Amino acid sequence: MSEFKTLILEIEDGLAIIRLNRPERLNALSVALKQELLAAIRQIAKPGSGVRALMITGEGRAFCSGADLAEGGMSADRDMGANLIETYHPILLELVALDMPVISAVNGVAAGAGMSIAISADIVLAARSAYFLQAFVNIGLVPDAGSTYILPRLIGSARARSMMMLGERLPADKALEWGLVYDVVDDDKLVSEALSLGKRLASGPTMALSSIRKLLADSENSSYSEQLTAEAAAQRKAGRSEDCIEGVMAFIEKREARFKGH
């Protein structure tokens, strides 16, 4: 069980579940929450943690409303860029570097940096009442926390521009239509559906799943020939794993594979 104050961390059957837990503030990213989120990710990433997949969601009626703007006051000499580099970037970089698949279960609003965390996941599942918001322009700021990198790659530059420049809500159903999310489910089924997906991934061939994450991430900046080389290297490694041997034997023997993450 969790020993954190601003989030809940649970680990069960290889699946880690992080629940952002500041429901009274719509899970806004306070200094404490950012510190604890980074600590939780690092705990999950440790060798021997037994974690093979991660699910992130929010407690209450929001996934995450973004930065806690009420914290720390406001002044013209406040260095928001330094704040990003020091407190946001480590979270985002270590999240995408995890050697395991990540699912986000978006309940309610995912805005600003909260949206960035949500769409950083490999699989994004949204409740029907959820919505996504690039809120920055509404308060005179520019998109950050990786938004300008991730969003156009998911939905295209024209749609990304409209979200960022107009600062309008994107409902879950339209997010599905645009390819931002994997699926939309009824609100009361969100957690159970996400847990089902998470447990499926946690019982899968972890090395192969991790390599898929890396191959897809690297493909954005690789040439076709470079990507072919990267695929061959990853396949060489996966092909020598115990899970590959088990998967092939299970296929031949017409039974369900029992992957151990090795």
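Here the structure is shown first, and the text comes after it.
Now for a description of the structure that goes with this document. What you are looking at is a predicted structure, and each value in this text was computed from that prediction instead of being measured. (Residues numbered from 1 in each chain as written. Predicted model: local features only at pLDDT ≥ 70, side-chain atom pairs only at ≥ 80, totals over all residues. Heavy atoms only, no water.)

1. Focus on the layout of surface pockets
Line of reasoning, step 1. Of the voids in this model, the second largest pocket is the one considered here, and its volume is about 600 Å³.
Line of reasoning, step 2. Taken together, 30 residues line the second largest pocket, and the ones lying closest to its centre are Ala 67, Leu 69, Tyr 88, Ile 139 and Leu 141.
Line of reasoning, step 3. Looking at the lining of the second largest pocket, the element that brings in the most residues is helix H2 (residues 80-96), giving five residues.
Line of reasoning, step 4. Taken together, the residues that form the lining of the second largest pocket break down as 17 nonpolar, seven polar and six charged. (1 Å grid on protein atoms, 1.4 Å probe; cavity = no way out; pocket = protein on both sides within 12 Å on 5 of 7 lines; lining within 4 Å. Points joined across faces, edges and corners; volume = space filled by probe spheres on them. Helix = DSSP H or I, 4+ residues; strand = E, 2+ residues; numbered from the N terminus. Nonpolar A, V, L, I, M, F, W, Y, C, P; charged D, E, K, R; others polar.)

2. What to know about the pattern of salt bridges
Line of reasoning, step 1. As enumerated under the stated definition, the model contains 11 salt bridges in all.
Line of reasoning, step 2. Linking Glu 94 and Arg 42 is a salt bridge whose minimum nitrogen-to-oxygen distance equals 2.8 Å. Taken together, the positions of Glu 94 in helix H2 and Arg 42 in helix H1 (residues 31-45) put the pair 52 residues apart, joining distant regions of the chain.
Line of reasoning, step 3. Given the relative accessible area of 27%, Glu 94 is considered partly exposed.
Line of reasoning, step 4. You can call Arg 42 partly exposed: its relative accessible area is 42%. (Salt bridge = Lys/Arg side-chain N within 4 Å of Asp/Glu carboxyl O. Buried < 20%, exposed > 50% of the residue type's maximum accessible area, 1.4 Å probe, protein only.)

3. Notes on the sheet that holds strand E4 (residues 62-64)
Line of reasoning, step 1. Overall, mixed pairing links the four strands, which are arranged E4-E6-E8-E9 in an open sheet. The two strands at the open ends of the sheet, each matched to only one other strand, are E4 and strand E9 (170-171).
Line of reasoning, step 2. Where strand E6 (residues 109-111) meets strand E8 (residues 131-133), three bridges bridge the pair, whose relative direction is parallel. If you follow Ala 111 over to E8, its bridge partner there is Leu 133. (Pairing = 2+ DSSP bridges.)

4. Description of the environment of Arg 61
Line of reasoning, step 1. Inspection of the secondary structure puts Arg 61 in the loop between strand E3 (53-58) and E4.
Line of reasoning, step 2. In sequence terms Arg 61 and Lys 260 are 199 residues apart; their C-alpha atoms lie 36 Å from each other.
Line of reasoning, step 3. Apart from the residues within four sequence positions on either side, Arg 61 is in contact with Leu 26, Asn 107, Gly 108 and Val 109. (Contact = heavy atoms within 4.5 Å.)

5. Some remarks on helix H8 (residues 206-219)
Line of reasoning, step 1. An ideal rise of 1.5 Å per residue puts 20 Å on 14 residues; H8 measures up with 20 Å between its terminal C-alpha atoms.
Line of reasoning, step 2. Among all positions of H8, only Thr 206, Leu 209, Ser 210, Ser 211, Arg 213 and Leu 215 are buried.
Line of reasoning, step 3. Looking at the buried positions of H8, the neighbouring elements they touch are H2, strand E5 (102-106), helix H7 (190-202), helix H9 (224-239) and helix H10 (242-252). (Expected span 1.5 Å × (residues − 1).)

6. Examining the pairing of strand E1 (residues 7-12)
Line of reasoning, step 1. Of the pairings in the sheet, the one linking E1 to strand E2 (residues 15-20) comprises six bridges and is antiparallel in character. Following the sheet pairing, Glu 10 is matched in E2 by Ile 17.
Line of reasoning, step 2. Where E1 folds back on E2, the antiparallel hairpin that results is connected by two residues, among which Asp 13 adopts a positive phi of roughly 55°.

7. As for the packing of aromatic side chains
Line of reasoning, step 1. Counted under the stated rule, the structure contains zero aromatic pairs.
Line of reasoning, step 2. It is Arg 153 that lies over the ring of Tyr 149; its NZ or CZ is 3.6 Å from the centre.
Line of reasoning, step 3. Over the face of the ring belonging to Tyr 131 we find Arg 169, whose NZ or CZ atom lies 4.0 Å from the ring centre. (Phe/Tyr/Trp six-rings, centres within 6.5 Å; stacked < 30°, edge-to-face > 60°. Lys NZ or Arg CZ within 6 Å of the ring centre and 35° of its normal.)

8. Thoughts on the packing of helix H4 (residues 147-155) against helix H5 (residues 157-166)
Line of reasoning, step 1. Taken N-terminus to C-terminus, the directions of H4 and H5 make an angle of 130°; their axes are 7 Å apart at the nearest point. What the angle tells us is that H4 and H5 run oblique. The two elements H4 and H5 cross, and the hand of that crossing is right-handed. Between H4 and H5, the residues in contact are Ser 147, Thr 148, Leu 151, Pro 152 and Ile 155 and Ser 157, Arg 159, Ala 160, Met 163 and Met 164, respectively.
Line of reasoning, step 2. By residue class, the composition of the contact of H4 with H5 is six nonpolar, three polar and one charged. (Axes fitted to C-alpha atoms, helices over the stretch in contact; angles between N-to-C directions. Parallel < 35°, antiparallel > 145°, perpendicular 65-115°, else oblique. Left-handed = near helix turned anticlockwise from the far one by under 90°.)

9. Focus on unusual backbone geometry
Line of reasoning, step 1. The phi dihedral of Asp 13 falls on the positive side, at around 55°, and the residue is not glycine.
Line of reasoning, step 2. Turning to its location among the elements, Asp 13 is positioned in the loop between E1 and E2.
Line of reasoning, step 3. Positive phi values are uncommon outside glycine, yet Ala 145 reaches one of about 55°.
Line of reasoning, step 4. Considering the arrangement of structural elements, one finds Ala 145 in the loop between E8 and H4.

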